[in-house]
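Reading the structure
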Amino acid sequence: MTRTALVSGASIAGPALAYWLNRYGFAVTVVEKAPAVRGGGYPIDVRGTAVEVIRRMGRYEQLRAAHLHMGRMTFLRDDGRRVTSVRLDRLGGAGGGDTELPRGALTELLYEAVRDDVDLRFGDSIAELDDRAGGVGVRFASGDAAEYDVVLAADGLHSTTRRLVFGPEERFHRYLGHCFAGFEMPNRLGLDREGVISTAPGRTAVLYAAGNPDRVHAFLSFGRAEPPYGAFADPAAQRELVASVFAGGGWEVPRMIAAMRTADDLFFDVVSQIRMPAWSRGRVALVGDAAYAPSFLSGQGSSIALVGAYLLAGELAATSDHRAAFAAYEQRMRPFAEANQALADGGGVAVAPATRRGVWLRHQTMRAAPLLARLGGLGGRVTRVKSALVLPGYAADGAVRSG
């Protein structure tokens, strides 16, 4: 009998998981609260082991075709005076087919891989779960109901499915002391496949031009002792908070604040991780940011989501016992996930140094970046961690596993 799976979330981990489950013979439904696949968005990286996942999907050429070929990052003082410029391929341990691409290009690639083979329910979400002996009863927000052999949550840092099964997010949320706002704005400076960073103590402004001559990605990040819980569901409060933190800023900051106030694509969040003692309960399991969000300080969120989806699907295909599959998935994935989460340790200091001395030290490190790269001292840890997991091979029907 065909096994059924409900995947919650259609961003990165969800469609990747659906692809592999469908390949292994599952009947897959994907539910996504957004009305359609979310395009656009800031640039992201697919690196290390995750590149091999895309290769095994047969989508590597599409991935590389979307590569941004970014040039340099220029570092400025808070008044706009130049400190130094560094080639971006010297900052992240690039190589082995690693790819930087627009987030929307990756989500579209994954959507195209599954849209004809799985049941996609946009504009809906899980409202209730009843994990019983023979399956999981699901009631959707739309009022529809169904039962599945397993439910797999790929619905992000603030996962509703995780809350329904494991309890409030606060139990697993590790706040890393920073907040950020991202949006697009006009490319007034004529930037071309490059980034510019202006830093003051505790706050950083970034313009990142990813190939569109008319628009740039703008980021405003800042340190904050406690998460601004009151602003999470209130865009007006988010705009006021960011504007107050950056008041009096130099360089392009006043124009960035003005653009943020009217941006229709504002994305505001905290820099956080999810740390959980277990990623499954009963017939429900978590994958990607819902289980082990590493934060953007690691640069590995999309990559470990792809790897986790591959492993979870493969282990489910390898046995009819969902408990054994979930245990095997966690055994393989947890060391890799935790190593990638550790990349964020201290990352906040680099993103938004809290003191003028911290800003100065960051600038000196960037000045030395070419020499450090030649000596293997820049990006070396990232290079090791991003490829630390060797993917097992799963047979098309899931019956044989190696690796």
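The structure under discussion appears in the preceding block.
Just so it is clear, the model here is predicted, and its values are computed rather than measured.

Rules used in this analysis
- Residues numbered from 1 in each chain as written.
- Predicted model: local features only at pLDDT ≥ 70, side-chain atom pairs only at ≥ 80, totals over all residues.
- Heavy atoms only, no water.
- Helix = DSSP H or I, 4+ residues; strand = E, 2+ residues; numbered from the N terminus.
- Rg over C-alpha atoms; globule rule 2.2 N^0.38 Å.
- Buried < 20%, exposed > 50% of the residue type's maximum accessible area, 1.4 Å probe, protein only.
- Contact = heavy atoms within 4.5 Å.
- Areas by Shrake-Rupley, 256 points an atom, 1.4 Å probe, with all protein chains shown as cover.
- 1 Å grid on protein atoms, 1.4 Å probe; cavity = no way out; pocket = protein on both sides within 12 Å on 5 of 7 lines; lining within 4 Å.
- Points joined across faces, edges and corners; volume = space filled by probe spheres on them.
- Nonpolar A, V, L, I, M, F, W, Y, C, P; charged D, E, K, R; others polar.
- Salt bridge = Lys/Arg side-chain N within 4 Å of Asp/Glu carboxyl O.
- Pairing = 2+ DSSP bridges.
- Core = buried A, V, L, I, M, F, W, Y, C linked by side-chain atoms within 4.5 Å.

Here the focus is the overall build of the protein chain. Scanning the protein chain for helices and strands turns up 14 helices and 20 strands. A globule of 403 residues ought to have a C-alpha radius of gyration of about 22 Å, and the protein chain, at 21 Å, matches this closely. Projected onto the principal axes, the alpha-carbon positions of the protein chain cover approximately 65 × 45 × 35 Å. Put simply, the protein chain has 403 residues, and 53% of those count as buried. For the protein chain, restricting intrachain contacts to residue pairs at least 6 apart in sequence, the fraction spanning at least 24 positions comes to 72%. A total accessible area of about 17,000 Å² is found for the protein chain, and carbon and sulfur atoms account for 50% of it.

Below, the discussion takes up empty space enclosed by the protein. Counted by the stated rule, this structure contains four cavities of 30 Å³ or more. Looking at the largest cavity, its volume works out to about 60 Å³. Around the largest cavity, the lining residues are D78, S198, T199, A200, R203, A205, F246, G249, G250 and V253. Of all the elements in the fold, those that place two or more residues in the lining of the largest cavity are β13 (194–200) and β14 (203–209). Of the residues in the lining of the largest cavity, the class split is four nonpolar, four polar and two charged. Roughly 50 Å³ of volume is contained in the second largest cavity.

Below, the discussion takes up the layout of surface pockets. Reported here for the second largest pocket is a volume of approximately 150 Å³. Forming the walls of the second largest pocket are 13 residues, and the residues nearest its centre are R77, R356, V359, W360 and H363. At the level of elements, β13 and α12 (356–367) are the ones that each hand at least two residues to the lining of the second largest pocket. Ranked by residues supplied to the lining of the second largest pocket, first place goes to α12 with six residues. A per-class count over the lining of the second largest pocket returns five nonpolar, three polar and five charged.

Turning our attention to the pattern of salt bridges. One pass over the full model with this rule turns up 20 salt bridges. Across the pair D130 and R132 runs a salt bridge, and its minimum N-O distance is 2.8 Å. On the basis of relative accessibility, which here comes to 40%, the residue D130 falls in the partly exposed class. Residue classification places R132 among the partly exposed positions, given a relative accessible area of 37%. In this structure, E240 engages R261 in a salt bridge whose closest nitrogen and oxygen atoms are separated by 2.7 Å. With E240 in helix α6 (residues 235–245) and R261 in helix α7 (residues 253–262), this residue pair connects regions lying 21 residues apart in the sequence. Residue R261 is classed as partly exposed on the basis of its relative accessible area, which comes to 39%. Among the charged side chains, a network of salt bridges with common partners joins E52, R55 and R56.

Pairing within the open sheet is mixed, and its six strands lie in the order β7-β2-β1-β11-β18-β17. Where the open sheet ends on each side, the last strands, each with one partner, are β7 (119–122) and β17 (280–281). Where strand β1 (residues 4–8) meets strand β11 (residues 150–153), four bridges bridge the pair, whose relative direction is parallel. Residue pairing across strands places V7 opposite L152, the latter belonging to β11.

What follows is about the pairing of strand β5 (residues 82–87). Pairing geometry for strand β4 (residues 72–77) and β5, over five bridges, is antiparallel. Paired with L76 across the bridge in β5 is R82. What sits between β4 and β5 in their antiparallel hairpin is a turn of four residues, with G80 showing a positive phi close to 95 degrees.

Our focus in this paragraph is the nonpolar core. By size, the foremost hydrophobic cluster in this structure holds 78 residues, and its most contacted members are L21, L152 and M333. Counting residues per element, this core draws most heavily on helix α9 (residues 301–318), at eleven residues. Other than its neighbours up to four places away in sequence, L21 contacts A5, V7, F26, V28, L152, A313 and L316. Grouped together as the second largest cluster of nonpolar side chains are 29 residues, L191, A218, V242 and V253 included.

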